[in-house]
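Below are the chains, spelled out letter by letter.
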Amino acid sequence: MDLQRILLIGAIAVLSFMLLTEWVAFKEARTAAIAEDSSRLLAPEGTPGPASLDTPDLPTSTPPATADDELPEAPVSAAEEAPATPAAVSDRRLVRVETDVLRFVIDLTGGDIIELSLPQHRERLDGEAAFVLLEQNDQLVYIARSGLLGPDGIDADGRAEFEASADQFTLADGEDSLTIDLKWRGNDVVTITKRFTLRRGDYLVDIDYLVDNQSEQRWQGNLFGQIKRQSGPPPSQESSAMGMQPFLGVATTQPDDRFTKFTFEDLADESFKAQLPGGWIAMIQHYFLSA
């Protein structure tokens, strides 16, 4: 009787191990397929694909904000409202940027960063693909947006349409910094430059707005910055219930609490609004954050 019990326990253990092995293989294959099918814009092997210079999606309008209003909702383009399919992506005007530590894509509608990868970090330990932090596709929307609102803000009534001198910018060997200028020419007297500045070995992206007002009228505008993210996990993240799940949500600093965290479930139950003197705000996901 004891021998039969031992054999039964051994058979169950072997069967359990085989099921677990198959489950892990299935999850890895599914994760890889999801990442591959998510319409990412950056080529996985480090060779950027061609950028289309076709007519962009028309932006939706947002009423202009005044100085007395609460913080307004940043305008949303039609491209952000609809899931990004390969056909929709090909119709957008894109600029690709590459340094030694960053590779990202700028949408010339709004001048937002809509995809960003980290070439010195891998998406999987046993893989070659770079870790993708920001992305906008049919699996996840996670982008960094900025613009100018206010009485004369170029993003106050839909997103600004910029022009660039090239569709590809790369930090050259021997150079320590890279500058990308996007130009907005709404009329003959006001020209606005949205300038991205990057430095070798630095993950910080500086964004400046240069307003050249040749008119006799005062120009008025206010800067907005926004990290826009859906609440779902990254497409490449293991989604099984086995093992500890990393924190996914928002973090910020407050005068009485230097590190306050909110899960997306927390924010769904009760939104957080505050006027804070300086500090930072960030999205956090499994070892990486954008702030």
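Residues numbered from 1 in each chain as written. Predicted model: local features only at pLDDT ≥ 70, side-chain atom pairs only at ≥ 80, totals over all residues. Heavy atoms only, no water.

Enquirer: Could you give an account of the overall build of the protein chain, naming the residues involved and the relevant values?
Expert: Along its length, the protein chain carries four helices and 15 strands. When burial is assessed residue by residue, the protein chain has 38% of its 291 residues classed as buried. Contacts spanning at least 24 positions in sequence make up 57% of the contacts within the protein chain whose residues lie at least 6 apart. Element-wise, carbon and sulfur atoms account for 55% of the exposed surface of the protein chain, whose accessible area totals about 17200 Å². (Helix = DSSP H or I, 4+ residues; strand = E, 2+ residues; numbered from the N terminus. Buried < 20%, exposed > 50% of the residue type's maximum accessible area, 1.4 Å probe, protein only. Contact = heavy atoms within 4.5 Å. Areas by Shrake-Rupley, 256 points an atom, 1.4 Å probe, with all protein chains shown as cover.)

Enquirer: Go over the nonpolar core, please, and point to the residues and values.
Expert: The biggest cluster of nonpolar side chains holds 35 residues, and the ones touching the most others in it are Val97, Phe104, Leu116, Phe162 and Ile180. Elements supplying a minimum of two residues to this core: strand 1 (94-98), strand 2 (103-107), strand 3 (112-122), strand 4 (130-136), strand 5 (141-149), strand 8 (177-185), strand 9 (190-199) and strand 12 (248-254). In this structure, Ile180 is in contact with Val97, Phe169, Lys194, Arg195, Phe196 and Leu198, ignoring residues within four places of it in sequence. One finds Leu41, Leu42, Val105 and Ile143 within the second-largest nonpolar core, a separate group that totals six residues. (Core = buried A, V, L, I, M, F, W, Y, C linked by side-chain atoms within 4.5 Å.)

Enquirer: I'd like to hear about the sheet that holds strand 15 (residues 288-290), residue by residue, with values.
Expert: Across the sheet, four strands lie side by side as 13-12-14-15; this open sheet has antiparallel pairing. For this open sheet the edge positions go to strand 13 (257-263) and strand 15, each flanked by a neighbour on one side alone. Across the sheet, the axes of successive neighbouring strands diverge by a mean angle of 30°, strand direction being ignored. In this structure, strand 14 (residues 281-285) lies alongside strand 15, joined through three bridges in antiparallel fashion. Within strand 15, the residue paired with Met283 across the bridge is Ser290. (Pairing = 2+ DSSP bridges. Axes fitted to C-alpha atoms, helices over the stretch in contact; angles between N-to-C directions.)

Enquirer: Tell me what's going on with the sheet that holds strand 9, and back it up with residues and numbers.
Expert: If you trace the four strands from one edge of the open sheet to the other, you get 6-8-9-10, paired in antiparallel fashion. Among the strands making up the open sheet, the edge pair consists of strand 6 (163-164) and strand 10 (206-213).

Enquirer: So, unusual backbone geometry: which residues are in play, and what are the values?
Expert: Here His286, not a glycine, exhibits a phi torsion of approximately 30°, which is positive. Within the secondary structure, His286 sits in the loop between strand 14 and strand 15. Even without a glycine there, the phi angle at Tyr287 is positive, about 80°. Its location among the elements puts Tyr287 in the loop between strand 14 and strand 15.

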